Amino acid sequence: MTHIPGAVAVTAAAVLSPLADDLDGFTAALLAGRSAVTLPSPEDSADDSAGGEACLPVAALDGFTLADWAARHLPDEPAAAARLRKVAGRAALPARTAACVALRAVRDSGLGAGELADGTALLVAGSNLALAHQAETVLGHDRAPGRLRASYALTHLDADVIGVVSELTGIQGEGWALGGASASGTLALVHGARTVAAGWAERVLVVAPAAELSPVEAEAFRRTGALAHENLRGEPARMCRPFDRDRQGFVRGQAAAAVLLERPEAARARGAEVLAEIAGHGQRLDARRGTEPDAGGQAAAMRAALATAGLTPEDIDYVNAHGTGSVLGDETEAASLHQVFGARPDLRVNSTKPLTGHCLSAAGLVEAVATIAQLRAQTVHPNPNLEHPVAELALAGRTAERRPLRTALSNSFAFGGINASVVIRVQP
Amino acid sequence: MTEEEIFSVIRAQIVDVLPEAADIEITLDHSMRDLGANSIDRMDVVIAAQDELGIKVPNAELTRAHDLRSLVAVFLAHASAHA
(Lines give C-alpha, C1' and ligand atoms only; values in the text may rest on other atoms or scores of the structure.)
Protein backbone atom coordinates (compact mmCIF):
# COMPACT_ATOMS: atom_id res chain seq x y z
CA MET A 1 0.00 0.00 0.00
CA THR A 2 1.24 3.47 -0.81
CA HIS A 3 2.09 5.71 2.09
CA ILE A 4 0.05 8.92 1.95
CA PRO A 5 2.35 11.61 3.31
CA GLY A 6 -0.24 14.37 3.72
CA ALA A 7 -0.78 17.56 1.79
CA VAL A 8 1.51 20.56 2.01
CA ALA A 9 0.20 24.12 1.89
CA VAL A 10 1.29 26.72 -0.66
CA THR A 11 1.19 30.04 1.18
CA ALA A 12 2.82 32.26 -1.46
CA ALA A 13 3.29 32.06 -5.22
CA ALA A 14 5.33 34.58 -7.17
CA VAL A 15 6.08 34.75 -10.87
CA LEU A 16 8.17 36.88 -13.21
CA SER A 17 7.28 36.31 -16.85
CA PRO A 18 7.05 38.35 -20.03
CA LEU A 19 3.26 38.17 -19.49
CA ALA A 20 3.35 39.79 -16.05
CA ASP A 21 5.53 40.17 -12.96
CA ASP A 22 2.93 39.31 -10.35
CA LEU A 23 0.34 36.61 -9.74
CA ASP A 24 -2.73 38.74 -10.50
CA GLY A 25 -1.33 40.01 -13.80
CA PHE A 26 -0.16 36.50 -14.71
CA THR A 27 -3.63 35.06 -13.96
CA ALA A 28 -5.32 37.72 -16.10
CA ALA A 29 -2.93 37.12 -19.01
CA LEU A 30 -3.46 33.35 -18.85
CA LEU A 31 -7.25 33.62 -18.79
CA ALA A 32 -7.10 36.07 -21.71
CA GLY A 33 -4.99 33.52 -23.64
CA ARG A 34 -2.34 36.17 -24.26
CA SER A 35 0.91 34.84 -25.76
CA ALA A 36 4.30 36.37 -24.99
CA VAL A 37 5.94 34.66 -27.97
CA THR A 38 7.67 37.02 -30.40
CA LEU A 39 10.09 36.64 -33.26
CA PRO A 40 13.22 38.76 -32.79
CA SER A 41 14.29 40.63 -35.90
CA PRO A 42 17.61 39.58 -37.49
CA GLU A 43 19.22 42.78 -36.13
CA ASP A 44 18.33 41.73 -32.56
CA SER A 45 19.65 38.23 -33.02
CA ALA A 46 22.98 37.29 -31.48
CA ASP A 47 23.83 35.35 -34.63
CA ASP A 48 22.95 37.12 -37.85
CA SER A 49 25.33 35.12 -40.02
CA ALA A 50 22.59 32.78 -41.24
CA GLY A 51 20.08 35.54 -41.95
CA GLY A 52 16.45 35.49 -40.83
CA GLU A 53 16.24 31.71 -40.54
CA ALA A 54 18.60 31.82 -37.57
CA CYS A 55 16.10 33.90 -35.61
CA LEU A 56 14.04 31.67 -33.38
CA PRO A 57 10.75 32.61 -31.76
CA VAL A 58 10.99 33.16 -28.03
CA ALA A 59 8.97 34.47 -25.09
CA ALA A 60 11.85 36.37 -23.55
CA LEU A 61 12.18 38.54 -20.46
CA ASP A 62 13.25 41.46 -22.67
CA GLY A 63 13.93 44.65 -20.81
CA PHE A 64 13.85 43.05 -17.36
CA THR A 65 16.00 45.00 -14.90
CA LEU A 66 16.33 44.85 -11.13
CA ALA A 67 15.80 48.60 -10.98
CA ASP A 68 12.43 48.44 -12.78
CA TRP A 69 11.34 45.44 -10.74
CA ALA A 70 12.28 47.21 -7.51
CA ALA A 71 10.45 50.35 -8.61
CA ARG A 72 7.27 48.29 -9.03
CA HIS A 73 7.57 45.95 -6.06
CA LEU A 74 9.57 47.94 -3.49
CA PRO A 75 8.46 51.53 -4.21
CA ASP A 76 8.55 52.69 -0.59
CA GLU A 77 11.58 50.71 0.48
CA PRO A 78 14.75 52.25 -0.93
CA ALA A 79 16.93 50.27 1.50
CA ALA A 80 15.49 46.93 0.30
CA ALA A 81 15.88 48.03 -3.33
CA ALA A 82 19.51 49.03 -2.70
CA ARG A 83 20.20 45.68 -1.02
CA LEU A 84 18.70 43.84 -4.00
CA ARG A 85 20.92 45.83 -6.33
CA LYS A 86 24.01 45.28 -4.19
CA VAL A 87 23.55 41.54 -3.68
CA ALA A 88 22.19 40.54 -7.10
CA GLY A 89 23.19 43.45 -9.35
CA ARG A 90 26.13 41.77 -11.05
CA ALA A 91 24.87 38.20 -10.88
CA ALA A 92 23.79 36.33 -14.02
CA LEU A 93 20.17 36.52 -15.20
CA PRO A 94 19.04 33.33 -13.40
CA ALA A 95 20.17 34.66 -10.01
CA ARG A 96 18.67 38.11 -10.66
CA THR A 97 15.26 36.68 -11.58
CA ALA A 98 15.41 34.24 -8.65
CA ALA A 99 16.12 37.15 -6.32
CA CYS A 100 12.95 38.95 -7.46
CA VAL A 101 10.50 36.04 -7.21
CA ALA A 102 12.03 34.87 -3.92
CA LEU A 103 11.72 38.31 -2.35
CA ARG A 104 8.15 38.65 -3.56
CA ALA A 105 7.14 35.19 -2.30
CA VAL A 106 8.73 35.75 1.10
CA ARG A 107 7.03 39.12 1.48
CA ASP A 108 3.65 37.71 0.39
CA SER A 109 4.02 34.77 2.79
CA GLY A 110 4.00 37.10 5.79
CA LEU A 111 6.86 35.17 7.43
CA GLY A 112 9.06 37.06 9.86
CA ALA A 113 12.85 37.25 9.88
CA GLY A 114 13.06 34.73 12.72
CA GLU A 115 10.98 32.14 10.85
CA LEU A 116 13.09 32.59 7.71
CA ALA A 117 16.35 32.25 9.63
CA ASP A 118 15.26 29.22 11.61
CA GLY A 119 13.30 26.40 10.00
CA THR A 120 13.10 27.51 6.35
CA ALA A 121 14.92 25.59 3.62
CA LEU A 122 15.68 26.77 0.08
CA LEU A 123 15.40 24.71 -3.09
CA VAL A 124 16.60 26.13 -6.41
CA ALA A 125 15.22 24.37 -9.50
CA GLY A 126 17.57 23.73 -12.40
CA SER A 127 21.18 23.11 -13.27
CA ASN A 128 23.52 24.68 -15.84
CA LEU A 129 21.35 27.77 -15.45
CA ALA A 130 23.66 30.58 -16.63
CA LEU A 131 24.65 29.25 -20.04
CA ALA A 132 24.46 32.59 -21.90
CA HIS A 133 26.56 34.25 -19.18
CA GLN A 134 29.13 31.46 -19.50
CA ALA A 135 29.26 31.71 -23.29
CA GLU A 136 29.59 35.51 -23.26
CA THR A 137 32.41 35.30 -20.72
CA VAL A 138 34.28 32.61 -22.64
CA LEU A 139 34.01 34.50 -25.94
CA GLY A 140 34.95 37.77 -24.20
CA HIS A 141 37.96 36.10 -22.63
CA ASP A 142 39.12 34.94 -26.03
CA ARG A 143 39.02 38.54 -27.31
CA ALA A 144 40.35 40.30 -24.21
CA PRO A 145 41.74 37.97 -21.50
CA GLY A 146 42.65 40.94 -19.26
CA ARG A 147 39.01 41.80 -18.73
CA LEU A 148 37.95 38.54 -17.10
CA ARG A 149 36.18 39.41 -13.87
CA ALA A 150 37.32 37.58 -10.75
CA SER A 151 33.65 37.36 -9.79
CA TYR A 152 33.00 34.95 -12.68
CA ALA A 153 34.38 32.31 -10.29
CA LEU A 154 31.07 32.78 -8.48
CA THR A 155 28.59 33.97 -11.11
CA HIS A 156 28.96 30.91 -13.36
CA LEU A 157 27.76 28.58 -10.59
CA ASP A 158 24.15 27.51 -9.97
CA ALA A 159 25.12 27.77 -6.31
CA ASP A 160 25.32 31.55 -6.75
CA VAL A 161 21.51 31.52 -6.94
CA ILE A 162 21.41 29.86 -3.52
CA GLY A 163 23.77 32.50 -2.11
CA VAL A 164 21.90 35.45 -3.62
CA VAL A 165 18.47 34.23 -2.49
CA SER A 166 19.56 33.23 0.99
CA GLU A 167 21.31 36.55 1.60
CA LEU A 168 18.28 38.54 0.41
CA THR A 169 15.66 36.47 2.24
CA GLY A 170 17.66 35.59 5.35
CA ILE A 171 16.96 31.87 4.88
CA GLN A 172 19.47 29.84 6.91
CA GLY A 173 18.08 26.31 6.74
CA GLU A 174 19.10 23.74 4.13
CA GLY A 175 19.85 24.94 0.60
CA TRP A 176 19.97 22.87 -2.57
CA ALA A 177 20.06 23.27 -6.34
CA LEU A 178 18.14 20.42 -7.89
CA GLY A 179 18.20 19.72 -11.61
CA GLY A 180 16.37 17.47 -14.03
CA ALA A 181 16.28 19.43 -17.30
CA SER A 182 12.71 20.42 -18.22
CA ALA A 183 11.33 18.65 -15.15
CA SER A 184 13.52 20.62 -12.70
CA GLY A 185 10.75 22.93 -11.46
CA THR A 186 8.42 20.03 -10.76
CA LEU A 187 11.20 17.95 -9.17
CA ALA A 188 12.06 20.83 -6.84
CA LEU A 189 8.39 21.17 -5.93
CA VAL A 190 8.24 17.43 -5.22
CA HIS A 191 11.34 17.55 -3.07
CA GLY A 192 10.05 20.65 -1.27
CA ALA A 193 6.73 18.96 -0.50
CA ARG A 194 8.52 15.84 0.78
CA THR A 195 10.87 17.94 2.91
CA VAL A 196 7.96 19.64 4.66
CA ALA A 197 5.83 16.48 4.92
CA ALA A 198 8.74 14.57 6.44
CA GLY A 199 9.45 17.36 8.90
CA TRP A 200 12.98 17.89 7.59
CA ALA A 201 12.18 21.62 7.55
CA GLU A 202 9.26 23.66 8.87
CA ARG A 203 8.86 25.30 5.50
CA VAL A 204 10.57 25.43 2.11
CA LEU A 205 10.98 28.22 -0.41
CA VAL A 206 11.12 26.64 -3.87
CA VAL A 207 12.61 28.96 -6.48
CA ALA A 208 12.84 28.34 -10.22
CA PRO A 209 15.15 30.91 -11.83
CA ALA A 210 14.76 31.93 -15.46
CA ALA A 211 17.01 29.56 -17.39
CA GLU A 212 19.08 31.03 -20.19
CA LEU A 213 20.59 29.34 -23.22
CA SER A 214 23.55 30.53 -25.23
CA PRO A 215 23.04 30.77 -28.99
CA VAL A 216 24.80 27.39 -29.22
CA GLU A 217 22.27 25.46 -27.14
CA ALA A 218 19.40 27.19 -28.94
CA GLU A 219 20.86 26.23 -32.32
CA ALA A 220 21.49 22.66 -31.14
CA PHE A 221 17.83 22.42 -30.12
CA ARG A 222 16.88 23.70 -33.58
CA ARG A 223 19.08 21.07 -35.21
CA THR A 224 17.36 18.29 -33.25
CA GLY A 225 14.18 19.35 -35.02
CA ALA A 226 12.55 20.06 -31.65
CA LEU A 227 12.00 23.80 -32.15
CA ALA A 228 9.15 25.55 -33.94
CA HIS A 229 10.78 27.94 -36.37
CA GLU A 230 9.57 27.46 -39.93
CA ASN A 231 5.84 28.05 -40.18
CA LEU A 232 3.74 31.05 -39.11
CA ARG A 233 6.77 33.35 -38.80
CA GLY A 234 4.47 36.26 -39.62
CA GLU A 235 2.38 35.42 -36.53
CA PRO A 236 4.81 34.29 -33.80
CA ALA A 237 2.06 34.10 -31.15
CA ARG A 238 0.59 31.19 -33.14
CA MET A 239 3.84 29.24 -33.54
CA CYS A 240 3.57 27.15 -30.35
CA ARG A 241 0.59 24.83 -30.92
CA PRO A 242 0.32 22.01 -28.37
CA PHE A 243 -1.99 19.15 -29.40
CA ASP A 244 -2.77 20.88 -32.71
CA ARG A 245 -2.44 19.14 -36.07
CA ASP A 246 -0.05 21.86 -37.30
CA ARG A 247 2.32 21.84 -34.31
CA GLN A 248 5.96 22.06 -35.29
CA GLY A 249 7.98 21.98 -32.09
CA PHE A 250 8.47 23.98 -28.93
CA VAL A 251 9.11 27.69 -28.50
CA ARG A 252 11.55 28.81 -25.85
CA GLY A 253 10.36 30.95 -22.95
CA GLN A 254 11.91 32.71 -19.99
CA ALA A 255 10.21 33.04 -16.65
CA ALA A 256 10.95 32.58 -12.98
CA ALA A 257 8.65 31.44 -10.19
CA ALA A 258 8.75 30.82 -6.45
CA VAL A 259 6.40 29.15 -3.98
CA LEU A 260 6.46 28.87 -0.21
CA LEU A 261 5.48 25.47 1.18
CA GLU A 262 4.55 24.64 4.78
CA ARG A 263 2.36 22.28 6.74
CA PRO A 264 -1.32 23.26 6.45
CA GLU A 265 -1.82 23.29 10.23
CA ALA A 266 1.27 25.49 10.69
CA ALA A 267 -0.01 27.89 8.03
CA ARG A 268 -3.42 28.05 9.68
CA ALA A 269 -1.88 28.52 13.11
CA ARG A 270 -0.04 31.63 12.00
CA GLY A 271 -3.06 32.94 10.11
CA ALA A 272 -1.51 32.64 6.63
CA GLU A 273 -3.70 32.36 3.55
CA VAL A 274 -3.45 28.91 1.96
CA LEU A 275 -3.50 29.42 -1.81
CA ALA A 276 -3.49 25.71 -2.65
CA GLU A 277 -2.14 22.38 -1.47
CA ILE A 278 0.40 20.02 -3.00
CA ALA A 279 -1.51 16.80 -2.35
CA GLY A 280 0.62 14.25 -4.19
CA HIS A 281 3.66 13.82 -6.37
CA GLY A 282 5.23 11.16 -8.52
CA GLN A 283 8.43 10.75 -10.46
CA ARG A 284 9.52 7.90 -12.73
CA LEU A 285 12.44 7.27 -15.09
CA ASP A 286 12.20 5.60 -18.49
CA ALA A 287 15.55 3.81 -18.08
CA ARG A 288 16.43 5.28 -21.45
CA ARG A 289 18.80 8.11 -22.25
CA GLY A 290 17.78 10.56 -24.93
CA THR A 291 15.06 12.90 -26.08
CA GLU A 292 12.33 10.46 -27.05
CA PRO A 293 9.37 10.42 -24.66
CA ASP A 294 7.74 7.26 -23.33
CA ALA A 295 4.03 7.05 -22.57
CA GLY A 296 4.54 4.23 -20.08
CA GLY A 297 6.91 6.28 -17.89
CA GLN A 298 4.66 9.33 -18.09
CA ALA A 299 1.58 7.34 -17.06
CA ALA A 300 3.56 5.74 -14.22
CA ALA A 301 4.56 9.19 -12.89
CA MET A 302 0.93 10.39 -13.05
CA ARG A 303 -0.34 7.25 -11.29
CA ALA A 304 2.33 7.62 -8.60
CA ALA A 305 1.23 11.22 -7.99
CA LEU A 306 -2.41 10.13 -7.68
CA ALA A 307 -1.45 7.29 -5.35
CA THR A 308 0.51 9.51 -2.94
CA ALA A 309 -2.49 11.87 -2.89
CA GLY A 310 -4.82 8.96 -2.16
CA LEU A 311 -6.85 9.86 -5.25
CA THR A 312 -8.17 8.11 -8.35
CA PRO A 313 -8.11 9.53 -11.90
CA GLU A 314 -11.81 10.42 -11.52
CA ASP A 315 -10.87 12.90 -8.77
CA ILE A 316 -8.85 15.06 -11.19
CA ASP A 317 -10.74 18.00 -12.73
CA TYR A 318 -7.94 19.48 -14.79
CA VAL A 319 -4.51 18.56 -16.21
CA ASN A 320 -1.83 21.13 -16.97
CA ALA A 321 -0.02 19.12 -19.64
CA HIS A 322 3.70 19.28 -20.31
CA GLY A 323 2.39 19.99 -23.85
CA THR A 324 5.36 21.63 -25.54
CA GLY A 325 3.99 21.58 -29.08
CA SER A 326 6.59 18.98 -30.04
CA VAL A 327 5.36 16.65 -32.79
CA LEU A 328 6.15 13.38 -31.02
CA GLY A 329 6.03 14.72 -27.44
CA ASP A 330 2.40 15.81 -27.61
CA GLU A 331 1.33 12.57 -29.28
CA THR A 332 3.05 10.59 -26.53
CA GLU A 333 1.55 12.68 -23.73
CA ALA A 334 -1.91 12.37 -25.30
CA ALA A 335 -1.42 8.60 -25.21
CA SER A 336 -0.25 8.59 -21.59
CA LEU A 337 -3.13 10.83 -20.52
CA HIS A 338 -5.50 8.46 -22.31
CA GLN A 339 -3.95 5.51 -20.45
CA VAL A 340 -4.55 7.18 -17.09
CA PHE A 341 -7.82 9.07 -17.63
CA GLY A 342 -9.49 7.30 -20.54
CA ALA A 343 -11.81 9.54 -22.56
CA ARG A 344 -13.44 11.35 -19.65
CA PRO A 345 -15.48 14.21 -21.15
CA ASP A 346 -15.57 16.15 -17.86
CA LEU A 347 -11.76 16.44 -17.64
CA ARG A 348 -10.03 19.51 -19.04
CA VAL A 349 -6.47 19.50 -20.43
CA ASN A 350 -4.51 22.53 -21.57
CA SER A 351 -0.89 23.62 -21.93
CA THR A 352 0.50 26.93 -20.66
CA LYS A 353 3.43 26.84 -23.10
CA PRO A 354 1.71 28.61 -26.05
CA LEU A 355 1.42 31.63 -23.71
CA THR A 356 4.72 31.53 -21.80
CA GLY A 357 6.89 29.49 -24.14
CA HIS A 358 8.75 26.49 -22.76
CA CYS A 359 10.56 27.91 -19.74
CA LEU A 360 12.93 24.90 -19.63
CA SER A 361 14.06 24.14 -16.07
CA ALA A 362 11.62 26.70 -14.64
CA ALA A 363 8.66 25.36 -16.66
CA GLY A 364 7.35 22.97 -13.99
CA LEU A 365 7.15 25.61 -11.27
CA VAL A 366 5.79 28.33 -13.60
CA GLU A 367 3.10 25.85 -14.66
CA ALA A 368 2.36 24.85 -11.06
CA VAL A 369 1.72 28.55 -10.40
CA ALA A 370 -0.42 28.70 -13.57
CA THR A 371 -2.36 25.70 -12.25
CA ILE A 372 -2.89 27.37 -8.87
CA ALA A 373 -4.03 30.54 -10.68
CA GLN A 374 -6.62 28.60 -12.68
CA LEU A 375 -7.88 26.61 -9.68
CA ARG A 376 -8.32 29.84 -7.74
CA ALA A 377 -10.10 31.50 -10.66
CA GLN A 378 -12.22 28.37 -11.23
CA THR A 379 -11.44 28.90 -14.87
CA VAL A 380 -9.36 26.93 -17.38
CA HIS A 381 -7.21 29.11 -19.60
CA PRO A 382 -7.56 28.69 -23.36
CA ASN A 383 -5.44 26.63 -25.73
CA PRO A 384 -5.44 29.61 -28.12
CA ASN A 385 -3.69 27.83 -30.99
CA LEU A 386 -5.75 24.65 -30.92
CA GLU A 387 -7.39 24.89 -34.32
CA HIS A 388 -7.33 21.22 -35.31
CA PRO A 389 -7.13 19.05 -32.17
CA VAL A 390 -5.40 15.76 -32.84
CA ALA A 391 -5.92 14.07 -29.53
CA GLU A 392 -8.95 12.17 -28.22
CA LEU A 393 -8.75 14.23 -25.06
CA ALA A 394 -11.03 16.73 -23.37
CA LEU A 395 -8.79 19.62 -24.43
CA ALA A 396 -9.64 23.15 -23.31
CA GLY A 397 -10.90 25.20 -26.22
CA ARG A 398 -9.76 28.49 -27.67
CA THR A 399 -11.55 30.60 -25.06
CA ALA A 400 -11.37 30.49 -21.27
CA GLU A 401 -13.93 28.22 -19.63
CA ARG A 402 -15.33 28.79 -16.16
CA ARG A 403 -16.05 25.48 -14.42
CA PRO A 404 -15.77 23.90 -10.98
CA LEU A 405 -12.11 23.01 -10.41
CA ARG A 406 -10.82 21.48 -7.22
CA THR A 407 -7.99 19.08 -8.02
CA ALA A 408 -5.43 19.30 -10.81
CA LEU A 409 -2.44 17.39 -12.11
CA SER A 410 0.59 19.23 -13.51
CA ASN A 411 3.01 17.28 -15.73
CA SER A 412 6.68 17.82 -16.60
CA PHE A 413 8.62 15.44 -18.81
CA ALA A 414 12.32 15.90 -19.52
CA PHE A 415 15.17 14.65 -21.67
CA GLY A 416 16.87 11.67 -20.06
CA GLY A 417 13.54 9.92 -19.55
CA ILE A 418 12.56 11.94 -16.46
CA ASN A 419 8.79 12.10 -15.83
CA ALA A 420 7.25 14.07 -12.96
CA SER A 421 3.71 14.97 -11.91
CA VAL A 422 2.20 16.82 -8.98
CA VAL A 423 -1.37 16.90 -7.68
CA ILE A 424 -2.46 20.40 -6.72
CA ARG A 425 -5.78 21.13 -5.08
CA VAL A 426 -7.70 24.01 -3.58
CA GLN A 427 -10.20 23.82 -0.75
CA PRO A 428 -13.66 24.64 -2.05
CA MET B 1 49.45 59.04 -17.38
CA THR B 2 48.55 61.32 -14.46
CA GLU B 3 47.38 60.50 -10.97
CA GLU B 4 44.03 62.14 -11.77
CA GLU B 5 43.55 59.97 -14.90
CA ILE B 6 44.27 56.79 -12.95
CA PHE B 7 41.95 57.79 -10.11
CA SER B 8 39.19 58.59 -12.55
CA VAL B 9 39.42 55.11 -14.13
CA ILE B 10 39.44 53.40 -10.72
CA ARG B 11 36.49 55.50 -9.54
CA ALA B 12 34.45 54.56 -12.65
CA GLN B 13 35.16 50.87 -12.08
CA ILE B 14 34.17 51.13 -8.43
CA VAL B 15 30.80 52.60 -9.41
CA ASP B 16 30.35 49.85 -12.01
CA VAL B 17 31.00 47.13 -9.43
CA LEU B 18 29.28 48.90 -6.52
CA PRO B 19 26.33 50.88 -7.92
CA GLU B 20 25.53 52.21 -4.45
CA ALA B 21 28.86 54.09 -4.47
CA ALA B 22 27.48 56.36 -7.22
CA ASP B 23 25.78 58.39 -4.50
CA ILE B 24 29.04 58.98 -2.61
CA GLU B 25 31.80 61.40 -3.41
CA ILE B 26 34.67 58.93 -3.64
CA THR B 27 37.98 60.37 -2.48
CA LEU B 28 41.57 59.14 -2.35
CA ASP B 29 41.13 58.62 1.39
CA HIS B 30 38.48 55.94 0.91
CA SER B 31 39.36 52.27 0.85
CA MET B 32 37.29 49.96 -1.33
CA ARG B 33 36.40 48.04 1.81
CA ASP B 34 34.92 51.29 3.28
CA LEU B 35 32.81 51.59 0.14
CA GLY B 36 31.33 48.11 0.66
CA ALA B 37 33.52 46.03 -1.64
CA ASN B 38 34.25 42.44 -0.66
CA SER B 39 37.44 40.71 -1.79
CA ILE B 40 36.00 39.58 -5.13
CA ASP B 41 34.54 43.05 -5.78
CA ARG B 42 37.99 44.54 -5.11
CA MET B 43 39.62 42.13 -7.56
CA ASP B 44 36.99 42.98 -10.21
CA VAL B 45 37.75 46.70 -9.83
CA VAL B 46 41.51 46.27 -9.90
CA ILE B 47 41.45 43.90 -12.89
CA ALA B 48 39.09 46.08 -14.95
CA ALA B 49 41.04 49.26 -14.13
CA GLN B 50 44.36 47.67 -15.13
CA ASP B 51 42.80 46.48 -18.36
CA GLU B 52 41.53 49.95 -19.17
CA LEU B 53 44.85 51.57 -18.27
CA GLY B 54 46.80 48.97 -20.24
CA ILE B 55 48.99 47.96 -17.31
CA LYS B 56 49.60 44.70 -15.45
CA VAL B 57 50.62 45.00 -11.83
CA PRO B 58 51.82 41.88 -9.98
CA ASN B 59 49.56 40.87 -7.09
CA ALA B 60 52.41 41.24 -4.59
CA GLU B 61 52.53 44.97 -5.35
CA LEU B 62 48.73 45.33 -5.13
CA THR B 63 48.63 43.93 -1.62
CA ARG B 64 50.55 47.01 -0.47
CA ALA B 65 47.62 49.26 -1.42
CA HIS B 66 45.32 49.84 1.55
CA ASP B 67 43.34 52.82 0.29
CA LEU B 68 42.67 54.41 -3.08
CA ARG B 69 45.59 56.83 -2.64
CA SER B 70 48.09 53.97 -2.32
CA LEU B 71 46.38 52.02 -5.13
CA VAL B 72 46.73 55.01 -7.46
CA ALA B 73 50.38 55.33 -6.38
CA VAL B 74 51.07 51.65 -7.18
CA PHE B 75 49.41 51.99 -10.60
CA LEU B 76 51.29 55.24 -11.30
CA ALA B 77 54.65 53.79 -10.28
CA HIS B 78 54.01 50.75 -12.45
CA ALA B 79 52.92 52.84 -15.45
CA SER B 80 55.98 55.14 -15.11
CA ALA B 81 58.40 52.22 -14.72
CA HIS B 82 57.12 50.68 -17.96
CA ALA B 83 56.61 53.90 -19.90
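Let us look at the structure shown here. (Residues numbered from 1 in each chain as written. Chains lettered and ligands numbered in written order. Predicted model: local features only at pLDDT ≥ 70, side-chain atom pairs only at ≥ 80, totals over all residues. Heavy atoms only, no water.)

### Observations regarding the overall build of chain B
Put simply, the rule is: Numbering of helices and strands starts at the N terminus; helices are DSSP runs of H or I of at least 4 residues and strands are runs of E of at least 2. Values of the radius of gyration come from C-alpha atoms, whereas the globule rule sets the reference at 2.2 Å times the count of residues to the power 0.38. Accessibility here uses a 1.4 Å probe with only protein chains present; expressed as a share of the type maximum, an area under 20% marks a residue as buried, one over 50% as exposed, and anything in between as partly exposed. Contacts are residue-level and defined by heavy atoms, with any inter-residue pair within 4.5 Å sufficient. Each accessible area is a Shrake-Rupley estimate made with a 1.4 Å probe; only the visible protein chains count as cover when residues are assessed. The sign given to each residue is positive for Lys and Arg and negative for Asp and Glu; His and the chain ends receive no count. Charged groups are reduced to one reference atom each: NZ for lysine, CZ for arginine, CG for aspartic acid, CD for glutamic acid.
Counting secondary structure elements, chain B contains four helices and zero strands. From first element to last, N terminus to C terminus, chain B shows the α and β order α-α-α-α. Rg of the C-alpha trace for chain B: 12 Å, near the compact-globule value of 12 Å for 83 residues, within the 12% margin. When its C-alpha atoms are laid out on the principal axes, chain B stretches across 35 × 25 × 20 Å. The buried share among the 83 residues of chain B stands at 45%. Intrachain contacts of chain B at a sequence separation of at least 6 include 55% that bridge at least 24 residues. Only carbon and sulfur atoms are counted for the fraction: they give 52% of the accessible area of chain B, which is about 4,400 Å². Separation of charge centres in chain B, based on 6 positive and 15 negative side chains, amounts to 8 Å.

### Some words on the interface of chain B and chain A
Spelled out, the test is: As a working definition, buried area equals the accessible area (1.4 Å probe) given up by two parts on being put together, with both sides summed. Only one rule defines a salt bridge in this text: a Lys or Arg side-chain nitrogen within 4 Å of an Asp or Glu carboxyl oxygen. Side-chain atoms alone can form a polar contact between residues adjacent in sequence; in general such a contact is a pair of N or O atoms within 3.5 Å, and within protein one must be able to donate a hydrogen while the other accepts it.
Between chain B and chain A, the residue contacts involve twelve residues of the former and nine residues of the latter. Sorting the residues of chain B by area buried against chain A places Glu20, Asp44 and Asp51 of chain B first, and these three jointly supply 43% of that buried surface. Seen at the junction of chain B and chain A, the total is five salt bridges. With a closest N to O distance of 3.2 Å, Lys86 of chain A and Glu20 of chain B form a salt bridge. Across the contact surface, chain B and chain A share nine residue pairs in polar contact (both at pLDDT 80 or more). For the side of chain B that touches chain A, the elements supplying multiple residues, two or more each, are helix 1 (3-17) and helix 2 (39-53) of chain B.

### Some words on the sheet that holds strand 1 (residues 8-16) of chain A
Strand pairing within a sheet occurs via backbone hydrogen bonds; the two strands may be parallel or antiparallel. All names here are of chain A. The condition that has to hold: For two strands to pair, DSSP has to find at least two bridges joining them. Here an angle of 0 to 180 degrees is reported between the N-to-C directions of two axes, which are lines fitted to C-alpha atoms, with helices fitted over the stretch in contact.
Reading across the sheet, the ten strands line up as 4-3-5-7-1-8-14-13-9-10 and stay open at both edges, with mixed pairing between neighbours. A single partner strand is all that each edge strand has here, and the edge strands are strand 4 (175-178) and strand 10 (348-350). Strand-to-strand twist across the sheet, computed as the mean angle between neighbouring axes with direction ignored, equals 25 degrees. Examined bridge by bridge, strand 1 and strand 8 (residues 276-285) share three bridges and lie antiparallel to one another. Bridge assignment links Ala9 to a residue of strand 8, and that residue is Glu277. Seen against the sheet, helix 15 (residues 363-377) touches strand 1, strand 5 (203-208), strand 7 (256-262), strand 8, strand 9 (318-320), strand 10, strand 13 (407-414) and strand 14 (418-425) and runs at an angle of roughly 165 degrees to strand 13.

### Things to note about the nonpolar core
All names here are of chain A. Selection rule: In these notes, a set of buried Ala, Val, Leu, Ile, Met, Phe, Trp, Tyr and Cys residues joined through side-chain atoms within 4.5 Å is what counts as a nonpolar core.
Counting 62 residues, the largest nonpolar core has Phe26, Leu189, Val206, Val259, Leu261, Val369 and Ile424 as its most contacted members. Of the residues forming this core, the biggest block, nine residues, is contributed by helix 15. Leaving out residues up to four positions away in the same chain, Val206 has contacts with Leu123, Ala188, Leu189, Gly192, Ala257, Ala258, Val259, Leu261 and Leu365.

### Observations concerning the state of the cysteines
All names here are of chain A. Operational definition: In this description, the term disulfide denotes a pair of cysteine sulfurs within 2.5 Å.
In total, this model carries zero disulfides over all chains according to the counting rule given. Cys55 takes part in no disulfide bond, and the closest cysteine sulfur, belonging to Cys240, lies 18 Å away. Residue class for Cys55 comes out buried when judged on its relative accessible area of 3%.

### Quick look at the packing of aromatic side chains
Residues and elements named next belong to chain A. Put simply, the rule reads: A pair of Phe, Tyr and Trp rings is counted when the ring centres sit within 6.5 Å of each other, with Trp represented by its six-membered ring. The angle between the planes then sorts it: under 30 degrees is stacked, over 60 is edge-to-face, the rest tilted.
Taken as a whole and assessed by the stated rule, the structure comprises two aromatic pairs over all chains. For the pair Phe221 and Phe250, a centre-to-centre distance of 5.4 Å together with 80 degrees between the ring planes defines the contact as edge-to-face. With Phe221 in helix 10 (residues 215-224) and Phe250 in the loop between helix 10 and strand 6 (252-253), the pair connects residues that are 29 residues apart, well separated along the chain. For the pair Phe221 and Phe250, one class covers both residues: buried. Both rings, one in Phe221 and one in Phe415, keep their centres 6.0 Å apart while their planes meet at 50 degrees; by these two values the pair is tilted. Of this pair, Phe221 sits in helix 10 while Phe415 sits in the loop between strand 13 and strand 14, and the two are 194 residues apart along the sequence. Looking at Phe415, the relative accessible area reads 37%, which means it is partly exposed. Following the ring pairs from residue to residue traces out a cluster consisting of Phe221, Phe250 and Phe415.

### Considerations on helix 4 (residues 68-81) of chain B
Residues and elements named next belong to chain B. Here is the rule we go by: What a helix is expected to span follows from its residue count: subtract one and scale by 1.5 Å. The arc refers to the directions leading from the helix axis to the C-beta atoms.
Counted at 1.5 Å a residue, the expected span for helix 4 with its 14 residues is 20 Å, and the 20 Å between its end C-alpha atoms agrees. Among the residues of helix 4, those classed as buried are Leu68, Leu71, Val72, Val74, Phe75, His78 and Ala79. An end-on view of helix 4 places all buried positions within 160 degrees of arc, on one side of the element.

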